[in-house]
Amino acid sequence: MAKRFQFDDEEIIDEEQSSYVNELEKKIDIPTYDIPKENKEDEEDLNVAKKKKKFVWKWWHFVLIGLGALAIAFVVYVFVASSNDGPVYGGRCEGLVTSISESQINKTIDDIKKEYKDVVEMKMEVECKQLKVDITFKDGMKTKDAQKIAEKSVQMLDASIGMTKDKGKTYSHLFGYENNTPQFEVNLILISNNSKDFPIFGTKHPLNDSFGYTLASVKDEESRNNALDTLKDE
């Protein structure tokens, strides 16, 4: 058998010790580790950070949500309001059994101007359940004559529509009640220069078959103010 060469400082291990060491190494389970790539490690760290981080509501979050809701509600309101013709009156316009057309109004104005030369300018318009009649007369117009012409214009319009008129009544159900439901109210504004009674304000409610008037010369300011309030747009 050849001799094994060894250095002076090398520890001499006999065959029995060598066999024991080999057996011991086999029994020891030395774990191995895979070193992850750098990008994979960064991605895993990011996922862990996301899981750990929780969203915290701040007071200004709720303010922004509230403002957003108000903005949406306003846009919806504008869209709905703009899709309707004319002002928004809600349920106050409900119950009308017929309407007053523009052609009927124009014909009435033309007929009044042809018949009464004292009329300088005239306008009729419908808003919801209200007929507004504005008439400008020549200077120095007599109060009774102006009232008569104004009422005649409403009667002519009434006749052109042709709704049922009760016996003894001046105006039909168009300016009264139909199916227990009020129809059109009439408001007059009569203007003439050089007359202490003008402007004259007249009103006819569906309950009444005649007009009530308030003159500029009236001494009761409270009654005059009430008449002016009645003529304001609803």
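Sequence order sets the numbering: in each chain, residues are counted from 1 along the sequence as written. Owing to the predicted nature of the model, reporting of local features is limited to residues with pLDDT of at least 70; listing and counting of side-chain atom pairs is limited to 80 or more, with chain, interface and lining totals taken over all residues. Derived side-chain values reflect all non-hydrogen atoms in the structure, with water molecules and hydrogen atoms excluded from consideration.

**Regarding the side chain of Thr143**
- Each helix corresponds to a stretch of at least 4 residues labelled H or I by DSSP, and each strand to a stretch of at least 2 residues labelled E; elements are numbered beginning at the N terminus. Its location among the elements puts Thr143 in helix 5 (residues 143–161).
- A 1.4 Å probe rolled over the protein chains alone gives each residue an accessible area, and that area as a share of the maximum for its type sets the label: buried under 20%, exposed over 50%, partly exposed in between. Its relative accessible area of 13% is what places Thr143 among the buried residues.
- In this structure, Thr143 is in contact with Asp197, Phe198, Ile200 and Leu215, ignoring residues within four places of it in sequence. Contacts are assigned to residue pairs that have any heavy atoms within 4.5 Å of one another.

**A look at the pattern of salt bridges**
- Salt bridge, as applied in this entry: a Lys or Arg side-chain nitrogen positioned within 4 Å of an Asp or Glu carboxyl oxygen. Within this structure, the stated rule accounts for four salt bridges.
- Close ionic contact of Lys138 with Asp118 constitutes a salt bridge, the shortest N to O distance being 3.0 Å. You can see Lys138 sitting in the loop between strand 2 (130–137) and helix 5 and its partner Asp118 sitting in the loop between helix 4 (102–115) and strand 1 (119–127), a full 20 residues away along the chain.
- By relative accessible area, Lys138 is classed as partly exposed at 42%.
- Here Lys132 makes a salt bridge to Glu127, at a shortest N to O gap of 3.5 Å. For the residue pair Lys132 and Glu127, the accessibility class agrees, reading buried in each case.

Interpretation note: all reported values are geometric properties and have no functional meaning in isolation.
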